[in-house]
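Coordinates in review
The residues making up each chain are set out below.
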Amino acid sequence: MAKFVNYKMQSRINKLPKIELHSHLEGTIKPELAHQLAKRNAISLDYCLFDDNGGYAWSNFASFLSAYDSVSSCLRKGEDYRDITYNYLKDCAGENVIYAETFISPDHAAECGISYGDMIKGIAQGIDDAENDFEIIGRIIVTCVRHLGPAQGLNVVQTMVNNPHPYVVGFGMGGDENAFTLEEFAPIFNVAEKAGYPCTVHAGEICGPENVWDAINYLPVSRIGHGVQSIFDEKLLTAIVNRNIHLEICPGSNLALGIFHDWVDHPLPRLISRGISVSLNSDDPPFFHTTVGQEYHDSAKNFELGDEVLKSISLMAMEASFVDTKTKSKLVNKIKNF
Ligand code: ADE
Ligand code: ZN
């Protein structure tokens, strides 16, 4: 049963320094920005993309992924990437997010005719502008798309490694967990790891614990995107603790996608009590009607988490981030001093 969160607690949650480790940049574009970009680029967005209230229309995981592709199609230039980055970080900073690591998809940019270089240049400009205006620090995790296959993934990782940028701090993969096997992606993740990029992968979101086993057995990952299905495998929970794997948890996304039907079914509190390192994240905010701040508030209310637990979640997230050690220790101290 949801607990009443009093005004004092709400205001403390508002002020708590927060960390986002799991958002997809193309999935942060709000409908009004999608319309603006489409107009600016003289593109007509598929009208099926929107529901009667002007929000994004989708009904299951497959239609969500295709709505995500449709929204991304409003982009045409590096400048568009600057604007979506800036808007996303501005919203985050408004909720006292002090550090945000966002997934970017060069495959989606390429579909729109945007080169890797222009994409990174635009995003880096958005990060710099947001840091100047709102003091938020942003970094980038380059991702490939699982259902596009390992050959395409190799192309993405090689492009990343051959074009280093100081804001690109890691490598990852999203997309449909039913497609291909994680073993087939091992050579791709090994390229990233050998070049010094820490890795994360979506696993155990819509598919079961076996997908998380594959992730930790075949890939050099220190984090798992979601991993919530691990709750159904005791041995896996122990392995996650022993191998110090961090889980990027997105409760609002899981509920919106129907992975868990109610907050009481969501495993976050059980993962925390098992001693697993977790963060709270928005995934694709306008698709799931959420934000990082909302995730902290909803978790406080529905899981009855006190402000010390929420603060420890920010700390676990910051420790698990892929940012350089100097920035990490500065931001860890900022959270500790709260
Ligand atoms: N791409 C964007 N959001 C995603 C999600 N929740 N799962 C897998 N791939 C994604
Ligand atoms: Zn995700």
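Just so it is clear, the structure is predicted and the values come from calculations on it, not from any experiment. (Residues numbered from 1 in each chain as written. Chains lettered and ligands numbered in written order. Predicted model: local features only at pLDDT ≥ 70, side-chain atom pairs only at ≥ 80, totals over all residues. Heavy atoms only, no water.)

Comments concerning the coordination of the zinc ion (ligand 2)
Here is the rule: Any N, O or S atom lying within 2.8 Å of the metal counts as a donor, with the limit raised to 3.2 Å for Na, K and Ca; because water is left out of the atom set, some sites can appear incomplete. Four donors are marked tetrahedral only if all angles between them lie between 85 and 135 degrees, whereas four are marked square planar and six octahedral if opposite donors are more than 155 degrees apart and the other angles lie between 65 and 115; the remainder are marked irregular. Each residue is assigned to one of three classes by its accessible area relative to the maximum for its type, calculated with a 1.4 Å probe on protein chains only: buried under 20%, partly exposed between the two thresholds, exposed over 50%.
Bound to the zinc ion (ligand 2) are the protein donor atoms His22 (NE2), His24 (NE2), His202 (NE2) and Asp283 (OD), situated 2.1 to 2.3 Å from the metal. Taken together, the four donor atoms surrounding the zinc ion (ligand 2) define angles of 86 to 173° at the centre, an arrangement classified as irregular. As a motif over one chain, the donors of the zinc ion (ligand 2) read H-x1-H-x177-H-x80-D. Summarising the burial analysis for this pair, His22 and His24 share the class buried.

Remarks on the nonpolar core
For soluble globular proteins, nonpolar side chains are generally found buried alongside one another. Selection criterion: Here, nonpolar core refers to any group of buried Ala, Val, Leu, Ile, Met, Phe, Trp, Tyr and Cys residues whose side-chain atoms link them within 4.5 Å.
In terms of nonpolar packing, the biggest core is built from 99 residues, with Phe171, Val201, Ile224 and Leu310 touching the most fellow members. Counting residues in hydrophobic clusters, the runner-up holds 17 residues, among them Ile141, Ala320, Phe322 and Leu331.

Describing the site of ligand 1
Using the following cut-off: Here a residue counts as near a molecule or strand whenever at least one of its heavy atoms sits within 4 Å of it. Within 3.5 Å is the distance limit for a polar contact, defined as a pair of N or O atoms, with the added protein rule that one can donate a hydrogen and the other accept it, and that residues adjacent in sequence qualify only through two side-chain atoms. What sets the accessible areas is the Shrake-Rupley method with a 1.4 Å probe; for residues, cover comes only from the shown protein chains. The way it works is a 1 Å grid over only the protein atoms, where trapped points that fit a 1.4 Å probe form a cavity and open points with protein on both sides within 12 Å along at least five of seven lines form a pocket, and then any residue with an atom within 4 Å of a point lines it. Molecules are considered to sit inside a cavity or pocket once more than half of their atoms lie within 2 Å of its grid points. In this description a helix means any DSSP run of H or I spanning at least four residues, a strand means any run of E spanning at least two, and both kinds are numbered starting from the N terminus.
Around ligand 1 lies a shell formed by His24, Phe61, Phe64, Leu65, Tyr68, Gly174, Gly175, His202, Glu205, His226, Asp283 and Asp284. Within the backbone of Gly175, an N or O atom sits 2.9 Å from a nitrogen atom of ligand 1. A distance of 2.8 Å separates a nitrogen atom of ligand 1 from a polar atom in the side chain of Asp284. Expressed as a share of its isolated accessible area of 260 Å², the protein-covered part of ligand 1 is 98%. Placement of ligand 1 is best described as lying within the largest cavity. In terms of residue count, helix α3 (residues 61-72) provides more of the shell around ligand 1 than any other element does, four residues in total.

Observations concerning empty space enclosed by the protein
Note the cut-off: Grid points are joined across faces, edges and corners, and a volume is the space filled by probe spheres set on the points. For this classification, the nonpolar set comprises Ala, Val, Leu, Ile, Met, Phe, Trp, Tyr, Cys and Pro, the charged set comprises Asp, Glu, Lys and Arg, and every other residue, Gly included, is treated as polar.
Following the criterion strictly, the structure yields one cavity of 30 Å³ or more and no others. Here the largest cavity is characterised by a volume of approximately 210 Å³. Along the walls of the largest cavity sit 19 residues, with His24, Leu65, Tyr68, Gly174 and Gly175 positioned nearest its centre. Secondary structure elements with two or more residues in the lining of the largest cavity: α3 and β3 (137-145). For the lining of the largest cavity, the element with the highest residue contribution is α3, accounting for five residues. Tallied by class, residues from the lining of the largest cavity come to six nonpolar, nine polar and four charged.

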